[in-house]
Amino acid sequence: MAREGVVRRAADVTFRYTEAPGRRSARWEDRRASIVVTPATILIHKNAKIGLEVTPRTQREVAVERDGRRVRIRAGQGRSEVLWSFEPPDGDVAGWARDLRAVITRTGAADSSHH
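Read on for an overview of the structure. (Residues numbered from 1 in each chain as written. Predicted model: local features only at pLDDT ≥ 70, side-chain atom pairs only at ≥ 80, totals over all residues. Heavy atoms only, no water.)

What follows covers the overall build of the protein chain. Within the protein chain, the regular secondary structure consists of 1 helix and 7 strands. Put simply, the protein chain runs from its N terminus to its C terminus through helices and strands in the order β-β-β-β-β-β-β-α. Relative to its length of 115 residues, the protein chain is compact, with a C-alpha radius of gyration of 13 Å against a globular reference of 13 Å. Overall, the C-alpha framework of the protein chain stretches about 40 × 30 × 30 Å when taken along its three principal axes. Taken across its 115 residues, the protein chain has 44% of its residues classed as buried. Long-range contacts, defined as pairs at least 24 residues apart, comprise 53% of the intrachain contacts of the protein chain with a sequence gap of at least 6. Accessible area of the protein chain: about 6800 Å², with a carbon and sulfur share of 44%. (Helix = DSSP H or I, 4+ residues; strand = E, 2+ residues; numbered from the N terminus. Rg over C-alpha atoms; globule rule 2.2 N^0.38 Å. Buried < 20%, exposed > 50% of the residue type's maximum accessible area, 1.4 Å probe, protein only. Contact = heavy atoms within 4.5 Å. Areas by Shrake-Rupley, 256 points an atom, 1.4 Å probe, with all protein chains shown as cover.)

Given below as structure tokens:
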């Protein structure tokens, strides 16, 4: 990732992780993790454990949304959909959303239904 060049990084952030958002069966929990964004990768991780990775090889649909002071990253569809949301520590919600969307557009993982 260092070769790609880091566009944004935030360490030890509280993410709200939600499984099956918008469904009756939705479950969520807060998770501490870090996020690294390069021109071709989005990586949410805690040490060696990967929570979400978006690369040019990503097959599932991914979308980025702004929700007040939060940025939301949706991945997958239906029952397998997950949502990672966080408040950028620098407060630049618009900038984070723009840079995350740029990765998704470049990787071809964009989901046109969540806008």
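With respect to the helices, strands and loops of the structure, Thr18 is situated in strand E1 (residues 8-19). The contact partners of Thr18, leaving out residues within four places of it in the chain, are Ala26, Arg27, Trp28, Glu81, Val82 and Leu83.

Moving on, we get to the sheet that holds strand E7 (residues 82-86). Across the sheet, 7 strands lie side by side as E4-E3-E2-E1-E7-E6-E5; this open sheet has antiparallel pairing. Looking along the sheet, the strands with just one partner apiece sit at the ends: strand E4 (49-54) and strand E5 (62-67). Direction aside, the axes of adjacent strands within the sheet are offset by 30 degrees on average. Pairing between strand E2 (residues 27-37) and strand E3 (residues 42-46): 4 bridges, direction antiparallel. Bridged to Ile35 within E3 is Ile44. (Pairing = 2+ DSSP bridges. Axes fitted to C-alpha atoms, helices over the stretch in contact; angles between N-to-C directions.)

On to the environment of Thr55, then. Here Thr55 shows up in the loop between E4 and E5. Taking the relative accessible area as the measure of exposure, Thr55 reaches 8% and is therefore buried. A C-alpha to C-alpha distance of 24 Å links Thr55 and Asp30, two positions 25 residues apart in sequence. Once residues lying within four places of it in the same chain are set aside, the contact partners of Thr55 are Ala40, Thr41 and Thr107.

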